[in-house]
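Chain by chain, the residues run as shown.
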Amino acid sequence: MNKLSYKTVSANKNTVTKEWVLVDADGQTLGRLASKIAMLIRGKYKPNYTPHVDCGDNVVVINAEKINLTGKKWTDKSYIRHTGYPGGQRSLTAAEMFEKDPIRLVEKAVKGMLPKNKLGSALYRNLYVYAGTEHNQTAQTPKTINLNDLK
């Protein structure tokens with residue numbers, strides 16, 4: 001008897017097709033931009049998505065210096081770190097961190113939306129953020145993508 005067989009396809013690192021994608025952050029809101037980038041890095045837009053495998057794309061983000069934050073987040077949002085010494089808690093507002101290094105705002109936002117394990121660390125290495133329009137990944141010929149077209 002001939003029946004159709006629908007087998008679940010589970011990707012592994014040998015069968016994954018990784019692409020290079022270019023994202024322009026000019027005028028984008030930070031959180032909305034970061035969630036879509038995280039989904040691209042994770043591979044959730046691909047039909048062969050597998051949760052425990054790095055099956056996402058390599059993402060190059062340009063114009064990180066032209067992102068937006070809504071409301072009073074430039075002054076109210078704070079990034080807290082600790083030096084490791086007693087009384088060593090330090091904090092920066094979003095505006096202060098943006099002034100120091102606008103790349104770090106985008107990187108921290110995307111990293112917070114990735115898994116907190118070894119897979120998340122491996123996925124984070126697929127992110128390349130640049131403040132201006134120039135980037136070092138021209139040899140990989142990244143495909144330009146419009147984030148407004150993604151769900």
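All figures in this text were calculated on a predicted structure; none of them were measured in a lab.

Moving on to the nonpolar core. Of all hydrophobic cores here, the largest spans 31 residues; its most connected members are Ile37, Ile41, Val59, Val110 and Leu127. Residue contributions to this core peak at seven residues, all from helix α1 (residues 30-42). Once residues lying within four places of it in the same chain are set aside, the contact partners of leucine 127 are Ile37, Ile41, Val59, Val61, Glu107 and Val110.

Attention shifts here to unusual backbone geometry. Most peptide bonds take the trans form, and the phi angle of most residues other than glycine is negative. The backbone of asparagine 63 shows a phi angle near 60°, a positive value even though the residue is not glycine. Checked against the element boundaries, asparagine 63 lands in the loop between β2 (58-62) and α2 (73-76). Positive phi, close to 45°, is recorded for threonine 141, a residue that is not glycine. Following the sequence through the fold, threonine 141 ends up in the loop between β5 (127-129) and β6 (143-145).

Our next topic: the side chain of glutamine 137. If you trace the backbone, glutamine 137 turns up in the loop between β5 and β6. A polar side-chain atom of glutamine 137 sits 2.7 Å from a polar atom in the side chain of tyrosine 130. Aside from chain neighbours lying at most four places away, what touches glutamine 137 is Trp20, Val60, Tyr128, Tyr130 and Pro142.

What follows deals with the sheet that holds β5. The strand order across the open sheet formed by four strands is β5-β2-β1-β6, and the pairing between neighbours is parallel. Each end of this open sheet is capped by a strand with a single partner; those strands are β5 and β6. Averaged over all pairs of adjacent strands, the angle between strand axes in this sheet comes to 25°, irrespective of strand direction. Relative to β2, strand β1 (residues 20-24) is paired through five bridges, and the arrangement is parallel. Along β2, the bridge assignment pairs valine 21 with valine 59.

Scoring rules and cut-offs
Every chain is numbered on its own, with residues counted from 1 as its sequence reads. Only residues with pLDDT of at least 70 are given local features in this predicted model, and only at 80 or more are side-chain atom pairs given and counted; all residues enter the totals for whole chains, interfaces and linings. To get the side-chain values, all heavy atoms of the structure are used, and hydrogens and water are removed first. Residues belong to one nonpolar core when they are buried, are Ala, Val, Leu, Ile, Met, Phe, Trp, Tyr or Cys, and are joined through side-chain atoms within 4.5 Å. Remark: exposure states derive from per-residue accessible area (1.4 Å probe, protein chains only) relative to the maximum for the residue type, with buried under 20%, exposed over 50%, and partly exposed in between. Strands are runs of DSSP state E lasting at least two residues, helices are runs of H or I lasting at least four, and both sets are numbered from the N terminus onward. What makes two residues a contact is simply this: any of their non-hydrogen atoms within 4.5 Å. In the analysis that follows, any N or O atom pair within 3.5 Å is treated as a polar contact, provided that within protein one partner can donate a hydrogen and the other can accept it, and provided that, for residues neighboring in sequence, both atoms belong to side chains. Strands are treated as partners if at least two bridges between them are detected by DSSP. Think of each axis as a best-fit line through the C-alpha atoms, taken over the contacting stretch in the case of a helix, with angles from 0 to 180 degrees between the N-to-C directions.

None of this, on its own, says anything about what the molecule does.
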